[in-house]
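A structural walkthrough
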Amino acid sequence: MRRILITLSVILSNLSYMVAQSDTFTTPGGKSVKFTCIKHASIRIEYDGLEIQVDPVGEAVLPATDYSLLPKANIILVTHEHRDHFDREALTMLRTASTAIYTNRAVHRDFRSSIPLANGDSVQYRPDISVRAVPAYNTTPDHLQYHPQGRDNGYILTLDSMRIYIAGDTEDIPEMSELGPIDIAFLPCNQPYTMTPEQLVNAAKAIKPRVLFPYHYSDTPVGRVKLMLTGSGIDVRIRNYQ
């Protein structure tokens, strides 16, 4: 029965992906960057002929996603080891011998073909593409066990001078004010694991991105975020990142 349900979920997911929500931007150098919402914390990014996947997860987060139907990835970013972010099978479907898979150290211990990055580490994939791992952790006293400080990663992905902040599972931590200019931000919003809408608004005001995508929000009413940021100059875009 479970296999039947998963199969139906994959079919529904594939149908929904055909009409998936996408947003396209232009870098300072005139190149196109396309973001496609897969679900939850899973993001597909297309840039200059390259495929970039963020936290690809197949069956662990419904609707299930069949990554064998998507193009192979040049770069994969995995923020941390929780099952709604790290999926060995999805990584295997997406990777080739030359795929650069950047992860935190805990994921690297379980997926040795990845490249581990600690908070503060940076890599230059090619002259116009860099990846920097930044902190992602809980600060609420009763929630520290979910994402302890120093273990997990957020990422700043720079594509042709466009700076994209993928926060991972985090609350509104002080380090956010030190990230520098951010063009596009993906900020999580669901308790008890990440931020409340109010925390997300505080984070957005500290970061001041040009465009904000609330993500990883489950049943949190993220429409409140858009309302609370009215007049801030931040373009808040709600997509299907439940």
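For the structure itself, consult the block above.
Below or above, wherever it landed, is the structure these notes cover. Just so it is clear, the model here is predicted, and its values are computed rather than measured.

1. Things to note about the overall build of the chain
Summing up its helical and strand segments, the chain has five helices and 14 strands in all. A compact globule built from 242 residues would reach a C-alpha radius of gyration of about 18 Å, and the chain, at 17 Å, matches this within 12%. Dimensions of the chain, computed from the C-alpha atoms along their principal axes, are close to 45 × 45 × 35 Å. Taking all 242 residues of the chain together, the buried fraction comes to 53%. Across the chain, contacts joining residues at least 24 apart in sequence account for 55% of those joining residues at least 6 apart.

2. Some details on the sheet that holds strand β6 (residues 100–103)
Strand order in the open sheet formed by seven strands is β1-β2-β3-β4-β5-β6-β7, with mixed pairing between adjacent strands. Lying at the two open borders of the sheet, with one neighbouring strand each, are β1 (22–26) and β7 (115–116).

3. A few points about the nonpolar core
Residues Y165, F186, L187 and L212 are the most contacted members of the largest nonpolar core, which totals 56 residues. Looking at which element gives the most residues to this core, the answer is helix α4 (residues 197–207), with five residues. Beyond its immediate stretch of four places on either side in the chain, L187 contacts Y165, A167, M195, L200, A203, A204, I207, L212, F213, P214 and Y215. In terms of nonpolar packing, the next biggest core, distinct from the first, is built from 13 residues, A73, I76, V78 and L91 among them.

4. Concerning α4
Of the positions making up α4, those classed as buried are P197, Q199, L200, V201, A203, A204 and I207. Looking at the buried side of α4, the elements it contacts are β11 (162–166), β12 (184–188), β13 (211–215) and α5 (223–228). Just beyond α4, the residue with positive phi is K208, at close to 55 degrees.

5. Focus: the sheet that holds strand β14 (residues 235–236)
Read across the sheet, seven strands follow the order β8-β9-β10-β11-β12-β13-β14 without closing on themselves; strand pairing throughout is mixed. Two strands in the sheet have a free side with no partner beyond their single neighbour: β8 (122–126) and β14. With three bridges joining them, β11 and β12 adopt parallel strand pairing. Within β12, the position partnered with I164 by the bridge is I184. Contacts from α4 reach β11, β12 and β13, with the element oriented near 155 degrees to β12.

6. Observations concerning the pairing of β11
In terms of burial, β11 is largely enclosed, as five of its five residues are buried. In this structure, strand β10 (residues 152–159) lies alongside β11, joined through five bridges in antiparallel fashion. What sits directly across from L157, in β11, is I164.

7. Side note on the pairing of strand β9 (residues 129–136)
Extensive coverage of β9 is indicated by the burial of seven of its eight residues. Note: β8 against β9, four bridges, orientation antiparallel. In the sheet register, R126 faces β9, and the bridge partner there is I129. Counting the residues between successive antiparallel strands, the hairpin from β8 to β9 contains two residues.

8. Here we look at the environment of N153
Along the polypeptide, N153 turns up in strand β10. Residue N153 is classed as buried on the basis of its relative accessible area, which comes to 0%. Each C-alpha atom of the pair N153 and N104 lies 6.0 Å from the other, and the pair is 49 residues apart in sequence. In contact with N153, other than residues within four places in its own chain, are T79, T103, N104, L117, A118, N119, A133, V134, A136, A167 and G168. At 2.9 Å, the side chain of N153 forms a polar contact with the backbone oxygen of L117. Of note is the side chain of N153, whose polar atom sits 3.2 Å from the side chain of Y155.

Cut-off values and rules
- Residues numbered from 1 in each chain as written.
- Predicted model: local features only at pLDDT ≥ 70, side-chain atom pairs only at ≥ 80, totals over all residues.
- Heavy atoms only, no water.
- Helix = DSSP H or I, 4+ residues; strand = E, 2+ residues; numbered from the N terminus.
- Rg over C-alpha atoms; globule rule 2.2 N^0.38 Å.
- Buried < 20%, exposed > 50% of the residue type's maximum accessible area, 1.4 Å probe, protein only.
- Contact = heavy atoms within 4.5 Å.
- Pairing = 2+ DSSP bridges.
- Core = buried A, V, L, I, M, F, W, Y, C linked by side-chain atoms within 4.5 Å.
- Axes fitted to C-alpha atoms, helices over the stretch in contact; angles between N-to-C directions.
- Polar contact = N/O pair within 3.5 Å; in protein donor to acceptor, adjacent residues only side chain to side chain.

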